[in-house]
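# A structural walkthrough
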Amino acid sequence: MYCITTDERGIVVPTTLRAAREADPRHLGSQAAVPCWFMRGGTSKGPFFRAHDLPRDVDARDAILLASMGSPDPRQIDGVGGAHPLTSKAGIVAVSHRDGVDLEFLFAQLQPGNSTVDTSANCGNMLAAVVPFAIEAGLLVPADDTTTARVLTLNTGVTAEISISTPSSGESRYVEYGGDTRIDGVPGTSASVVINFLDTAGSVCTSLLPTGNLRDTVEIEGFGSVDVTCIDNGQPLVIIDAIELERTGREPVVELETDTALKERLEALRLDCGKIMGLGDVSGKNYPKMTLVSAPASGGAIGTRSFIPHACHESIGVLAAVTVATAAVLPGTVAHAVAALPAGAKPAVSVEHPSGEFTVQLELDPADPTRVTKSALLRTARLIMAGDVMVPSRLWHSPTESPKEQEK
């Protein structure tokens, strides 16, 4: 019979398991225990890790991420992945030693059904969970009722100021997850996470408009030519008027998911646009994302159906919404042609998506209306689970270091 006790984090463990951890805090027989906090950020969720809990060797790190998620199994049945791109994401966070930056965030996109770990793109939804995670994991200590931290996304070099509520309880402070902020795509309400992107233009591409044009004409073999806007204000997107692909842009996600003809056209278009955007061969990459736009149907500014890049998004990604909103306010783009924009120099652009809408607050440079100086938005986040994710011990062995060597 096991005698139950708790570990240093208050987690209940049998004493035999506790003894094993004291002998080797990572290895428990054939498995290794990796500290992990499972977070929801916006409309995505996944495991978050402290950088110092993972090997520095990239191959070893990626092997652990794949094992944690259960990839490449399409159902991710042997891991914590949710068998969908939106729930096959991970975050790695470290305290930053750079001037003007508090935390560094590496986003990892994994896919059900393959063994890729893509750290070249970013995710604004998972970004919403970075500051709550950092506090939960002891990387950041809150000092006021509101904690604001500057977060550098290592994938793309984008920096954002993120503010969350951290009220006091006795002599300590905690992350407040309860609140009245509602975001479409997430049930109920939560405390707000305010994200202010400081400079997102050309996050992956070389500039906001990587082709140098507000609109390009691209030929789809066997179909014909279509007009597109290639743009990157935090997420590289190819924006197409749905009508040009013989769709309305208001189809349900389930219908678009089974629309083989549309997906084939979008992929052909994506491969060609990747080249003209300076991204090279994007056949194995998760960007550019493909976004169908249409006139708004529910009082917003523009309608969207987003492909990420092959599955149709149940809503829309944070940075994809920022990029669509940016395209909508630039005269001459495909998005601007179908948008119904609010008046004012600081437009609040309501981006409609299959689960509702997403409002992006933009500020434009009066001297250069094509330059966005601020992109602000609200998200929510929540800690779902804290503990260890178990992976095979053999994955710790890498060409450059072992866990013991990393701790020295």
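The structure displayed is predicted, hence computed values, not measured ones.

Let us now look at the overall build of the protein chain. Scanning the protein chain from terminus to terminus reveals nine helices and 22 strands. For the protein chain, the residues scored as buried account for 56% of the 408 residues in total. Sequence separation of at least 24 residues holds for 61% of the intrachain contacts in the protein chain that already meet a minimum separation of 6. In the structure as shown, the protein chain presents an accessible area of about 17,000 Å², 51% of it carried by carbon and sulfur atoms.

Time to look at unusual backbone geometry. Omega for the peptide link from Ser 71 to Pro 72 comes to 15°, which places this bond in the cis form. Here Pro 72 is to be found in the loop between helix 2 (58-69) and strand 6 (89-95). Omega for the bond connecting Tyr 287 with Pro 288 falls within 30 degrees of zero, at -5°, which places this linkage in the cis form. Of note, Pro 288 is situated in the loop between helix 6 (260-276) and strand 17 (289-294).

On to the layout of surface pockets. Rolled over the atoms, a probe with the dimensions of a water molecule shows which regions are left empty. Space inside the second largest pocket adds up to approximately 210 Å³. Together, Ala 51, Leu 54, Pro 55, Arg 56, Val 58, Arg 61, Ile 92, Val 93, Ala 94, Glu 104, Leu 106 and Leu 154 line the second largest pocket. When residues of the lining of the second largest pocket are traced back to their parent elements, those giving at least two are helix 2, strand 6 and strand 7 (103-110). Here the lining of the second largest pocket takes three residues from strand 6, the largest share from any one element. A breakdown of the residues in the lining of the second largest pocket according to their chemical character gives nine nonpolar, no polar and three charged.

What follows covers the confidence of the model for the protein chain. Reading fine detail from the predicted coordinates is not recommended where pLDDT is low. Overall, the prediction assigns the protein chain a mean pLDDT of 89, with 90% of residues at 70 or greater. Note on residues 398-408: pLDDT is under 50 here. Beyond four places in sequence and across chains, it has 23 contacts.

With respect to burial, helix 7 (residues 318-328) is a largely interior element, 11 of its 11 residues being buried. Looking at helix 7, one finds that the buried residues are Val 318, Leu 319, Ala 320, Ala 321, Val 322, Thr 323, Val 324, Ala 325, Thr 326, Ala 327 and Ala 328.

What the rule picks out here adds up to 10 salt bridges. Among the salt bridges present, the one from Asp 62 reaches Arg 61, with a minimum N-O distance of 2.9 Å. Here Asp 62 falls in the buried class, since its relative accessible area comes to 14%. Arg 215 is the salt-bridge partner of Asp 227, the closest N and O atoms lying 3.4 Å from each other. In this pair, Asp 227 sits in strand 15 (residues 224-232) while Arg 215 sits in the loop between strand 13 (193-197) and strand 14 (216-220), placing the two residues 12 residues apart along the sequence.

What follows deals with empty space enclosed by the protein. Applying the stated criterion across every chain, the model contains four cavities of 30 Å³ or more. Taken as a whole, the largest cavity spans an internal volume of roughly 180 Å³. Taken together, 19 residues make up the lining of the largest cavity; nearest its centre are Lys 89, Asn 122, Gln 235, Lys 289 and Ile 308. Elements with a contribution of two residues or more to the lining of the largest cavity: strand 7 and helix 7.

Moving on to the environment of Ser 68. Locating Ser 68 in the fold gives a position in helix 2. For Ser 68, a relative accessible area of 2% gives the class buried. Through-space distance from the C-alpha of Ser 68 to that of Val 389 is 6.4 Å; in sequence the pair is 321 residues apart. With residues up to four places along the chain from it excluded, the contact list for Ser 68 reads Phe 49, Gly 79, Val 80, Gly 81, Val 389 and Val 391. At 2.8 Å, the side chain of Ser 68 forms a polar contact with the backbone oxygen of Ile 64.

Of all eight residues that make up strand 10 (residues 158-165), six are buried, and the element is covered over most of its length. Where strand 9 (residues 146-153) and strand 10 come together, eight bridges link them in antiparallel fashion. Of the residues in strand 10, the one forming a bridge with Leu 152 is Thr 159. As paired strands, strand 10 and strand 13 are joined by four bridges and run antiparallel to one another. Its bridge partner lying in strand 13, Ser 163 is registered against Val 194.

Moving on, we come to the environment of Phe 38. By the element assignment, Phe 38 lies in strand 4 (residues 31-41). Those residues within four positions of Phe 38 in sequence are excluded, and the remaining contacts are Lys 45, Gly 46, Pro 47, Val 80, Arg 382, Leu 383, Ile 384 and Met 385.

Moving on, we come to helix 6. A rise of 1.5 Å per residue sets the reference length of helix 6, with its 17 residues, at 24 Å; its end C-alpha atoms lie 25 Å apart and thus fit the reference within 8%. Residues of helix 6 that are buried: Leu 262, Arg 265, Leu 266, Glu 267, Leu 269, Arg 270, Cys 273 and Gly 274. Where the residues of helix 6 are buried, they touch strand 14, strand 15, strand 16 (236-241), helix 5 (253-257), strand 17 and strand 18 (302-307). Downstream of helix 6 by a residue or two, Gly 278 has a phi angle that is positive, lying close to 80°.

As defined by bridge partners, strand 7 adjoins strand 9 across three bridges and the pair is classed as parallel. Following the sheet pairing, Leu 103 is matched in strand 9 by Val 151. Taking the residues that link successive antiparallel strands as the turn, the strand 9-strand 10 hairpin has four residues, and the phi of Gly 157 there is positive, at about 80°.

Moving on, we come to the side chain of Asp 232. Tracing the backbone through its elements, the reader meets Asp 232 in strand 15. With no salt bridge to any partner, buried Asp 232 finds its closest opposite charge in Lys 289, at an N-O distance of 11 Å. In this view, Asp 232 contacts Thr 200, Ala 201, Gly 202, Ser 203, Val 204, Cys 205, Ser 207, Leu 208, Pro 210 and Thr 323; residues no more than four positions away in its chain are not counted.

The rules behind each value
Residues numbered from 1 in each chain as written. Predicted model: local features only at pLDDT ≥ 70, side-chain atom pairs only at ≥ 80, totals over all residues. Heavy atoms only, no water. Helix = DSSP H or I, 4+ residues; strand = E, 2+ residues; numbered from the N terminus. Buried < 20%, exposed > 50% of the residue type's maximum accessible area, 1.4 Å probe, protein only. Contact = heavy atoms within 4.5 Å. Areas by Shrake-Rupley, 256 points an atom, 1.4 Å probe, with all protein chains shown as cover. 1 Å grid on protein atoms, 1.4 Å probe; cavity = no way out; pocket = protein on both sides within 12 Å on 5 of 7 lines; lining within 4 Å. Points joined across faces, edges and corners; volume = space filled by probe spheres on them. Nonpolar A, V, L, I, M, F, W, Y, C, P; charged D, E, K, R; others polar. pLDDT = per-residue confidence, 0-100. Salt bridge = Lys/Arg side-chain N within 4 Å of Asp/Glu carboxyl O. Polar contact = N/O pair within 3.5 Å; in protein donor to acceptor, adjacent residues only side chain to side chain. Pairing = 2+ DSSP bridges. Expected span 1.5 Å × (residues − 1). Lys, Arg positive; Asp, Glu negative; His and termini not counted.

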